[in-house]
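As a plain string of letters, each chain reads:
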Amino acid sequence: MLAATAAVLSFSLSACGSESGLKSAGPTTAAVGPVRLWPGLPAISAPPLGFGESDKERVPGVRVTHNSTRGLDPVTVVRAEVAAHPKDATGAGGLPEQTVTRLADCDRRSATQGEKRPGSRAGTRPERQPQAPASCPVLKAYHHDLTGDGRDELIVGVTLPRQQLAVRCYQAENGGLTRIMSTSDQVVAVELAGEDLILRVVSAGIPGYEYRTAWSWDARQGTMLPAQDEIVPARMYTPPAPEASGAPSPSPSASQAPQDPPSTQSTQPPPTPRASSSAGTP
């Protein structure tokens, strides 16, 4: 019995050493994990100054039917926030006085024909829709599911002085509207990728580069947070080609006319410090 076992083992070892057997891949590189530097640093007793990244607030006076943001006028939403923060020229809900004054231009709407009202049946005659003039600081709104709950949030853009853009997102809940994101900066482009809202912003002091911030829903905070912030080479923004009929895409609100993103030509004033971007800049 022992002789038979020895013979089997001898055959197996000789097979491993043959050309058709297993071969060594060489020495394995040791795994390098994170190494903590200065482990004796004291614990932080007071958090740094916040800039409103995680602020959320109920928008007073705005009622939502069936917990749906569709049908809401973005100008009405912005005005409700201004009314709730009449003395705030900055911050998550405030706007500079110049922008507040320009909100009056949004009332001068002209009926335009040729754009079909969302939800109308295919083949029906396009309806005349009111559109705000280009001087209205509130851009057309978009609807997109940012939280993963199957309901679309409202995404609003407001042009500000000094070529800045305020971007705010709102969630319908319990018959009302809650702001879940607010930031402002010299925005080059705004993009949607899945449930993330991506802002490309002019880089301060690094020519040829941009800040790329991906805002993502955080269920613990109940808000959108800047989950990923990086510096990337600047690129020219080219709008994507129109998607095929029936493909899912963010839905623009019918209350505002499309406008181009804020200009980033060399004539712009020096960009504001990066630290103040989420607080809103007059």
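Notes on the structure follow.

Definitions and cut-offs
Residues numbered from 1 in each chain as written. Predicted model: local features only at pLDDT ≥ 70, side-chain atom pairs only at ≥ 80, totals over all residues. Heavy atoms only, no water. Salt bridge = Lys/Arg side-chain N within 4 Å of Asp/Glu carboxyl O. Helix = DSSP H or I, 4+ residues; strand = E, 2+ residues; numbered from the N terminus. Patch = residues over 30% accessible without salt bridge, like charges linked within 9 Å, V, L, I, M, F, W, Y side chains within 5 Å. Areas by Shrake-Rupley, 256 points an atom, 1.4 Å probe, with all protein chains shown as cover. Disulfide = S-S within 2.5 Å. Core = buried A, V, L, I, M, F, W, Y, C linked by side-chain atoms within 4.5 Å. Buried < 20%, exposed > 50% of the residue type's maximum accessible area, 1.4 Å probe, protein only. Pairing = 2+ DSSP bridges.

## Observations concerning the pattern of salt bridges
Phase 1 of the analysis: With the rule as written, the count across this model stands at 10 salt bridges.
Phase 2 of the analysis: A salt bridge links Arg-70 to Asp-152; the shortest N-O distance between them is 2.8 Å. Of this pair, Arg-70 sits in the loop between β1 (57-63) and α2 (74-84) while Asp-152 sits in the loop between β4 (142-144) and β5 (153-160), and the two are 82 residues apart along the sequence.

## Things to note about a nonpolar patch on the surface
Phase 1 of the analysis: A surface patch of nonpolar side chains, amounting to about 520 Å² of accessible area, comprises Val-35, Leu-37, Trp-38 and Leu-41.
Phase 2 of the analysis: For Leu-41, the position within the fold is in the loop between α1 (2-16) and β1.

## Here's the deal with unusual backbone geometry
Phase 1 of the analysis: Unusually for a residue other than glycine, Trp-38 sits at a positive phi of about 50°.
Phase 2 of the analysis: With respect to the helices and strands, the residue Trp-38 is situated in the loop between α1 and β1.
Phase 3 of the analysis: We note that Arg-162 has phi near 60°; this positive angle belongs to a residue other than glycine.

## Things to note about the state of the cysteines
Phase 1 of the analysis: Under the counting rule described, the total for this entry stands at one disulfide.
Phase 2 of the analysis: Here Cys-106 engages in a disulfide with Cys-136; their sulfurs sit 1.9 Å apart. An S-S torsion of about 85° defines the bridge between Cys-106 and Cys-136 as right-handed. You can see Cys-106 sitting in the loop between α3 (97-102) and β2 (110-112) and its partner Cys-136 sitting in the loop between β3 (129-131) and β4, a full 30 residues away along the chain.

## Here we look at the nonpolar core
Phase 1 of the analysis: Residues Val-78, Val-138, Leu-154, Val-156, Val-158, Tyr-170 and Leu-177 are the most contacted members of the largest nonpolar core, which totals 23 residues.
Phase 2 of the analysis: Counting only elements with at least two residues in this core, the list comes to β1, α2, β5 and β6 (164-173).
Phase 3 of the analysis: When residues in this core are grouped by element, the largest group, five residues, is from α2.
Phase 4 of the analysis: Core analysis: the second largest hydrophobic core is formed by 15 residues, Met-181, Val-187, Leu-197 and Leu-199 among them.

## So, the pairing of strand β10 (residues 209-218)
Phase 1 of the analysis: Counting buried residues in β10 gives seven out of 10 residues, a clear majority hidden from the surface.
Phase 2 of the analysis: With six bridges connecting them, strand β9 (residues 196-202) and β10 associate as antiparallel partners. Looking at the pairing, Leu-197 lines up with Trp-215 of β10.
Phase 3 of the analysis: Remark: six residues form the turn of the hairpin made by β9 and β10, two consecutive strands paired antiparallel; Gly-205 in that turn has positive phi of roughly 85°.
Phase 4 of the analysis: Pairing between β10 and strand β11 (residues 223-233): 10 bridges, direction antiparallel. Among the inter-strand pairings, Arg-212 is bridged to a residue of β11, identified as Glu-230.
Phase 5 of the analysis: Linking β10 to β11, which pair antiparallel, is a turn of four residues; within it Gly-222 sits at a positive phi near 70°.

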